[in-house]
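What follows is the residue order along each chain.
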Amino acid sequence: APRSSPLVLFLDDLQWADETTLDLVRMIMTDPDVGHFLFLGSYRDNEVDRSHPLTCTLQAIQEQGVNAVTIKLGPLERESVNELISKTLHLLSAVPY
């Protein structure tokens, strides 16, 4: 992607991705000619172990020098979800549960 129009790709539920998809992600992420590109992926870590194809793909990407950052998120608290929905819908105040 050109510098003036960087590309962002987000894929959810990578724990269910097939090996062809994971291979494509690896090829894009490790291609030195691909610039101005941000890949964001999410997966359920409780469904991915050390032998899972996603784990192997992530290791292969990192072994080729790609700076892959992992951010582990926990469940959202009810108050946080309530605030997010209230702000999104432009409600004056959050409704308590």
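Definitions and limits used
- Residues numbered from 1 in each chain as written.
- Predicted model: local features only at pLDDT ≥ 70, side-chain atom pairs only at ≥ 80, totals over all residues.
- Heavy atoms only, no water.
- Pairing = 2+ DSSP bridges.
- Helix = DSSP H or I, 4+ residues; strand = E, 2+ residues; numbered from the N terminus.
- Right-handed = clockwise from strand over helix to strand, strands pointing away.
- 1 Å grid on protein atoms, 1.4 Å probe; cavity = no way out; pocket = protein on both sides within 12 Å on 5 of 7 lines; lining within 4 Å.
- Points joined across faces, edges and corners; volume = space filled by probe spheres on them.
- Axes fitted to C-alpha atoms, helices over the stretch in contact; angles between N-to-C directions.
- Parallel < 35°, antiparallel > 145°, perpendicular 65-115°, else oblique.
- Left-handed = near helix turned anticlockwise from the far one by under 90°.
- Contact = heavy atoms within 4.5 Å.
- Nonpolar A, V, L, I, M, F, W, Y, C, P; charged D, E, K, R; others polar.
- Buried < 20%, exposed > 50% of the residue type's maximum accessible area, 1.4 Å probe, protein only.
- Arc of directions from axis to C-beta.
- Core = buried A, V, L, I, M, F, W, Y, C linked by side-chain atoms within 4.5 Å.
- Patch = residues over 30% accessible without salt bridge, like charges linked within 9 Å, V, L, I, M, F, W, Y side chains within 5 Å.
- Areas by Shrake-Rupley, 256 points an atom, 1.4 Å probe, with all protein chains shown as cover.
- Salt bridge = Lys/Arg side-chain N within 4 Å of Asp/Glu carboxyl O.
- Polar contact = N/O pair within 3.5 Å; in protein donor to acceptor, adjacent residues only side chain to side chain.

**Remarks on the pairing of strand E1 (residues 7–11)**
Phase 1 of the analysis: Both E1 and strand E2 (residues 37–41) contribute to a ladder of 5 bridges, which runs parallel. When the bridges of E2 are listed, Val8 appears paired with Leu38.
Phase 2 of the analysis: Between the parallel elements E1 and E2, the chain passes through helix H1 (residues 19–30) in a crossover that is right-handed.

**Notes on the layout of surface pockets**
Phase 1 of the analysis: By volume, the largest pocket amounts to about 870 Å³.
Phase 2 of the analysis: Lining the largest pocket are 31 residues, with Phe39, Gly41, Leu58, Ala68 and Val69 positioned closest to its centre.
Phase 3 of the analysis: Within the residue set of the lining of the largest pocket, elements represented by two or more residues are H1, E2 and helix H2 (53–63).

**Some points on the packing of H1 against H2**
Phase 1 of the analysis: With their axes 10 Å apart at the nearest point, H1 and H2 run at an angle of 15 degrees to one another. Taken together, the axes of H1 and H2 lie roughly parallel to each other. Where H1 crosses over H2, the handedness of that crossing is right-handed. Counted together, Glu19, Leu22, Val25, Arg26, Met29 and Thr30 of H1 and Pro53, Leu54, Thr57, Ala60 and Ile61 of H2 form the full contact between these two elements.
Phase 2 of the analysis: In the contact of H1 with H2, the residues fall into 7 nonpolar, 2 polar and 2 charged.

**A look at H2**
Residues spaced three or four apart along an α-helix face the same direction, because each turn holds 3.6 residues.
Phase 1 of the analysis: By the burial criterion, the buried members of H2 are Leu54, Thr55, Thr57 and Ile61. Seen end-on, H2 carries its buried residues on one side only, within an arc spanning 160 degrees.
Phase 2 of the analysis: Following H2 by one or two positions, Gly65 adopts a phi angle in the positive range, close to 90 degrees.

**A word on the nonpolar core**
Phase 1 of the analysis: Formed by Leu14, Ala17, Leu22, Val25, Phe39, Val48, Leu54, Ile61 and Val66, the largest nonpolar core amounts to 9 residues.
Phase 2 of the analysis: Mapped onto this core, the elements with two or more residues apiece are H1 and H2.
Phase 3 of the analysis: Setting aside residues up to four positions removed in sequence, Leu14 forms contacts with Phe39, Gly41, Ser42, Tyr43 and Leu54.

**Points about a nonpolar patch on the surface**
Phase 1 of the analysis: Nonpolar side chains collect at one region of the surface, where Leu76, Val81, Ile85, Leu89 and Leu91 lie side by side and expose about 470 Å² of accessible area between them.
Phase 2 of the analysis: Take Val81: it is sitting in helix H3 (residues 78–88).
Phase 3 of the analysis: Classification of Val81 as partly exposed rests on a relative accessible area of 31%.

**Structural notes on the side chain of Thr57**
Phase 1 of the analysis: Turning to its location among the elements, Thr57 is positioned in helix H2.
Phase 2 of the analysis: There is a polar contact of 2.9 Å between the side chain of Thr57 and the backbone oxygen of Pro53.
Phase 3 of the analysis: If we skip the residues at most four places from it in the chain, Thr57 touches Leu22 and Arg26.

**As for the pattern of salt bridges**
Phase 1 of the analysis: For the coordinates displayed, the defined rule picks out 4 salt bridges.
Phase 2 of the analysis: Put simply, Glu47 and Arg44 hold a salt bridge, and the shortest N to O gap is 3.5 Å.
Phase 3 of the analysis: You can call Glu47 partly exposed: its relative accessible area is 34%.
Phase 4 of the analysis: For Arg44, a relative accessible area of 39% puts it in the partly exposed group.
Phase 5 of the analysis: Between Glu83 and Lys87 there is a salt bridge, and its shortest N-O distance comes to 3.0 Å. With a gap of 4 residues between them, Glu83 and Lys87 both fall in helix H3, about one helical turn apart.

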